[in-house]
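Listed below are the residues making up each chain.
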Amino acid sequence: IVALTRRRASSLDNFAESLATVCGTQELQSSWAEQLLSITRRAFSDVGGHFAGAPACISCLYHSGRHEELKDLLSLLSFDYWPYSRYEAMGLAAQGKVDEALRFAHRFEVQHPYAIAAFCEQLLLDAGRTEEAYRNYGLHTRATNYLTTFRNLCKRYPQMDKAHILLDLI
């Protein structure tokens, strides 16, 4: 953990996911969440408060299955912040509340349209709702050029006919 906090993570998501990987077991993740929870609560209770260990705490709460505590912690924030709130949406999905997770994620659509579309698409794909993912999000994602967009869709939806995807894009 010390090594992870000392090195600069390229993003909040990378840091949080790295911590979850290092912890490995739910027991260890829960233990770290417990150690970081009180100071994270204090920081979130202060307007504009910041704690460098907050991403680790949030990640550990999510990965250890403590979704209600995660929701309660995030409710203390005086602002909505998608990189943190994403874990609440993932927690809802982990509890089988996929539609609720989609509605929750859409609250952030104005600030993060592409991130929300990608998140919702992946959520539906993971839930086995392939057709809905393709129809609602897949066709709206764009890559650097048309060919890459087509190839990405073919990779994400291998069960679909490539000619059908191409016609939909046209």
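Presented here is an overview of the structure given in this document. (Residues numbered from 1 in each chain as written. Predicted model: local features only at pLDDT ≥ 70, side-chain atom pairs only at ≥ 80, totals over all residues. Heavy atoms only, no water.)

**Concerning the overall build of the protein chain**
- Assigned secondary structure in the protein chain consists of eleven helices and zero strands.
- Buried positions account for 41% of the 170 residues belonging to the protein chain.
- Taking the contacts inside the protein chain whose residues are at least 6 apart along the sequence as the reference set, 51% of them involve residues at least 24 apart.
- Of the roughly 9800 Å² of accessible surface on the protein chain, a fraction of 53% belongs to carbon and sulfur atoms. (Helix = DSSP H or I, 4+ residues; strand = E, 2+ residues; numbered from the N terminus. Buried < 20%, exposed > 50% of the residue type's maximum accessible area, 1.4 Å probe, protein only. Contact = heavy atoms within 4.5 Å. Areas by Shrake-Rupley, 256 points an atom, 1.4 Å probe, with all protein chains shown as cover.)

**Structural notes on helix α4 (residues 54-63)**
- Of all ten residues in α4, nine are buried; the element is thus mostly enclosed.
- Ala54, Pro55, Ala56, Cys57, Ile58, Ser59, Cys60, Leu61 and Tyr62 are the residues of α4 that are buried.
- Just downstream of α4, Gly65 is the residue with a positive phi angle, here 80°.

**Quick notes on the pattern of salt bridges**
- Tallied over the full model, the rule gives six salt bridges.
- The partner of Arg129 in a salt bridge is Asp99, with the nearest N and O atoms 2.8 Å apart. Here Arg129 is found in the loop between α8 (113-126) and α9 (130-136), whereas its partner Asp99 is found in helix α7 (residues 98-106), with 30 residues between them in sequence.
- A relative accessible area of 25% means that Arg129 is categorised as partly exposed.
- As a salt-bridge pair, Arg156 and Glu121 come within 2.9 Å of each other at their nearest N and O atoms. On the criterion of sequence distance, the pair formed by Arg156 in helix α10 (residues 146-156) and Glu121 in helix α8 is long-range, its members being 35 residues apart.
- Shared partners join several salt bridges into a network, and the residues in it are Glu34, Arg66 and Glu69. (Salt bridge = Lys/Arg side-chain N within 4 Å of Asp/Glu carboxyl O.)

**Let's talk about a nonpolar patch on the surface**
- Together, Leu166, Leu167 and Ile170 make up a nonpolar patch on the protein surface, roughly 360 Å² of accessible area in all.
- For Leu167, the location among the structural elements is in helix α11 (residues 162-169). (Patch = residues over 30% accessible without salt bridge, like charges linked within 9 Å, V, L, I, M, F, W, Y side chains within 5 Å.)

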